[in-house]
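# Working through the structure, step by step
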Amino acid sequence: MKITGNFWIAIFLLASMLIISISCEEPTTSDRKVKHTILIGLDAFGTRGFQKAATPYMNKMIANGAIAPFARCLLPTNSSPNWTAMLTGVGPLQHGVYDNDWERDKQIWPPVIATEEGVYPSLINWIKDQIPSSKVHFFYEWGGLARLFDLSKVDKIYRGEKSDDIFEKAVDAFFEEQPDFLFLNIDEIDHQGHDKGHDSEAYFNAISHFDSLIGNFVQRLEASGLMDETLLIITGDHGGINTGHGGTTLNEIEIPIIIYGAGVKKGLVLSKPCYIYDVPVTLAYALGITPPKAGIGRPILEAFDQNSISAPYVPMPLISPTQGFFATSPLVVEMSVDATDVDIFYSLDGSIPTKESGKVYSIPIQLKESTLLTSVTYKNGVYSRPEINQYRIGNGENGKISWDYYEGNFSQIPDFNKLNIVKSGTSKEFSLKEIPSRSDHFAVKFEATLQLKESGKYTFFSQSDDGSKILINGKVVVDNDGSHSSQLKKNTINLSKGNHPIEVWYFEDTAGQEIQVQIDGPGVPKQILTEKFFK
């Protein structure tokens, strides 16, 4: 028989179809391993916040369970796409929820598969379809959450205004009805992050508070014997930076995933990459049900493998106060860490400290001048990620930057020439720390003379919430305009040695407020622009 090119094409296509059919084959349904599953989602529960806050109950759960300490959420690091991923096992390309502006009647693209309500089927739908006798509870605080899911078959839904009340009602309902799945959403931590900052005492205290509530819940589960037949997962939808989120920093992207309960290996720290969309698939695995074929999440099977090898994990130190501008010296800085049998090493020259090169922290440090303080936690030969804090300390004199403050409702940088100045003053850097302002709806115009010691290429960075622009010699160098959460923009230009007029325009719409300007160039490592750069 003569073999033609068409024959080989046909064989190739048949082989390709076979491979595709095998690779897309629905995963084998596992045996049900637990009677109950619980997912506690803490809004803005980022890895950095978890490491720094005091969390004795969750630490105990990790010692007797598993953690993926550096799991990642999805871009954008906003609530709607990530809460959806946490319960659907897919990302925006599949579930269609692209940011917080998404609404069911305002979709840019549809989900790849959908329920009768037009949304991607979540873990709730999988459970109800495959375990018809199941009970599902849905307790939540954030008002925007319910629109993301098809809750038509949920047995008990409760939306409250106060976190503690929601938590208490969810726990009581669980013990009363013992559902197959309880989903509990808490928003309070995010409120503190936006209000006080994701490195603030209020933010850390909020995490500690819910650690206590979770601890009480687990103690009740253990006392009743239900923990032996329950799988509990705790995670967050995103982290945060300064008073916002939505950007691309690790502080915003990284979240912990804590897995505790029946069948989980004790003391396991996972080194494998884990993602927010792995959470519902892991719960489905424990319940013995199968996610849709369109899913991209994978069950975290290592958590149930008693032969899994634990990775080293040492939490970062907590530094108080956090970095920033302080008008006068000396500044007293304290360090601590939410772990036992550890050492803290630090440096004051910007280098990453080690056991050999760093100073051992034992008593509070007094800083009398601007300092780049770098610290690490050390335990059993393992170092934490370094914590870098740039402290800018003033000398009590007036700053070299002049500013004018305006008030109004803005969605972009306003025309300052058409506004009335509410107040004026001077500051030592482009920041809001020295400007008395209301919480929202204002704008600031900064002006100074930049003094450069060398000619060359300089990169300028603007981190702002909401909009900002950097102008040098009257021209816009960095355009970070618009109403948005904390966002970084940068640009590189050639500048000659000598003096250059510099302006920074900024406006605050709602929620978080932030403006920070940095420079990087010849003989100038990347740092915040302080008064030493101004004439």
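Fair warning: this is a prediction, and the values are worked out from it, not measured in the lab.

Parameters and conventions
- Residues numbered from 1 in each chain as written.
- Predicted model: local features only at pLDDT ≥ 70, side-chain atom pairs only at ≥ 80, totals over all residues.
- Heavy atoms only, no water.
- Helix = DSSP H or I, 4+ residues; strand = E, 2+ residues; numbered from the N terminus.
- Rg over C-alpha atoms; globule rule 2.2 N^0.38 Å.
- Buried < 20%, exposed > 50% of the residue type's maximum accessible area, 1.4 Å probe, protein only.
- Contact = heavy atoms within 4.5 Å.
- pLDDT = per-residue confidence, 0-100.
- Axes fitted to C-alpha atoms, helices over the stretch in contact; angles between N-to-C directions.
- Parallel < 35°, antiparallel > 145°, perpendicular 65-115°, else oblique.
- Nonpolar A, V, L, I, M, F, W, Y, C, P; charged D, E, K, R; others polar.
- Polar contact = N/O pair within 3.5 Å; in protein donor to acceptor, adjacent residues only side chain to side chain.
- Pairing = 2+ DSSP bridges.
- Phe/Tyr/Trp six-rings, centres within 6.5 Å; stacked < 30°, edge-to-face > 60°.
- Lys NZ or Arg CZ within 6 Å of the ring centre and 35° of its normal.

## Details of the overall build of the protein chain
A tally of regular secondary structure across the protein chain gives eleven helices and 27 strands. At 26 Å, the protein chain has a C-alpha radius of gyration in line with the 24 Å of a compact globule built from 535 residues. C-alpha atoms of the protein chain, sized along the principal axes, occupy 75 × 65 × 55 Å. Residues counted as buried form 53% of the 535 residues belonging to the protein chain. In the protein chain, the proportion of contacts linking residues at least 24 apart, taken out of those at least 6 apart, comes to 72%.

## A few points about the confidence of the model for the protein chain
Overall, the prediction assigns the protein chain a mean pLDDT of 92, with 94% of residues at 70 or greater. Throughout residues 1-29 the model reports pLDDT below 50, and contacts reaching past four residues in sequence, or to other chains, amount to eight contacts.

## Thoughts on the packing of helix α3 (residues 56-63) against helix α9 (residues 201-224)
Between α3 and α9, whose axes approach to 7 Å, the crossing angle comes to 50°. Here α3 lies oblique to α9, going by the angle between them. Listed contacts from α9 to Pro56, Tyr57, Met58 and Met61 of α3 are Asp211, Ser212, Ile214, Gly215, Val218 and Gln219. Across the contact of α3 with α9, the residue classes tally to six nonpolar, three polar and one charged.

## Comments concerning the side chain of His137
Tracing the backbone through its elements, the reader meets His137 in strand β3 (residues 136-140). Here Glu177 takes part through its side chain, which lies 3.0 Å from a polar atom of the side chain of His137. With near-sequence residues (within four places) excluded, His137 lies in contact with Val154, Lys156, Ala173, Phe174, Glu177, Pro179, Phe181, Leu182 and Phe183.

## Focus: the sheet that holds strand β8 (residues 268-269)
The eight strands lie next to each other as β4-β3-β5-β1-β6-β7-β2-β8, forming an open sheet whose pairing is mixed. Only two strands of the sheet have a single partner each, and these edge strands are β4 (156-159) and β8. Where strand β2 (residues 66-72) and β8 come together, two bridges link them in parallel fashion. From the neighbouring strand, Ile67 faces β8, where its bridge partner is Val269. Strand contacts of helix α6 (residues 123-130): β3 and β5 (181-186), with the helix running at about 160° to β3, the strand carrying the most contacts.

## Focus: the sheet that holds strand β9 (residues 318-320)
Ordered by their spatial adjacency, three strands build an open sheet running β9-β11-β14, and the pairing between neighbours is antiparallel. Each edge of the sheet is formed by a strand with only one pairing partner; in this case those strands are β9 and β14 (365-367). With direction set aside, neighbouring strand axes in the sheet form an average angle of 25°. In terms of strand pairing, strand β11 (residues 331-336) meets β14 through three bridges, oriented antiparallel. Each residue of the ladder has a partner; that of Leu331, found in β14, is Leu367.

## Points about the packing of aromatic side chains
Applying the stated rule across the entire model yields 24 aromatic pairs. The ring of Tyr405 is capped by Lys423, whose NZ or CZ atom sits 4.9 Å from the centre of that ring.

## Structural notes on α6
Taking burial as the measure, the eight residues of α6 include six buried ones, the bulk of the element. Residues Leu123, Ile124, Asn125, Trp126, Ile127 and Lys128 constitute the buried set of α6. Where the residues of α6 are buried, they touch α4 (79-88), β3, β5 and α11 (278-287).

## Some words on the pairing of strand β1 (residues 36-42)
With respect to burial, β1 is a largely interior element, seven of its seven residues being buried. The two faces of β1 match: His36, Ile38, Ile40 and Leu42 on one face and Thr37, Leu39 and Gly41 on the other face are all buried. Across seven bridges, β1 lies against strand β6 (residues 230-236) in parallel orientation. The residue of β6 that forms the bridge with Leu39 is Ile233.

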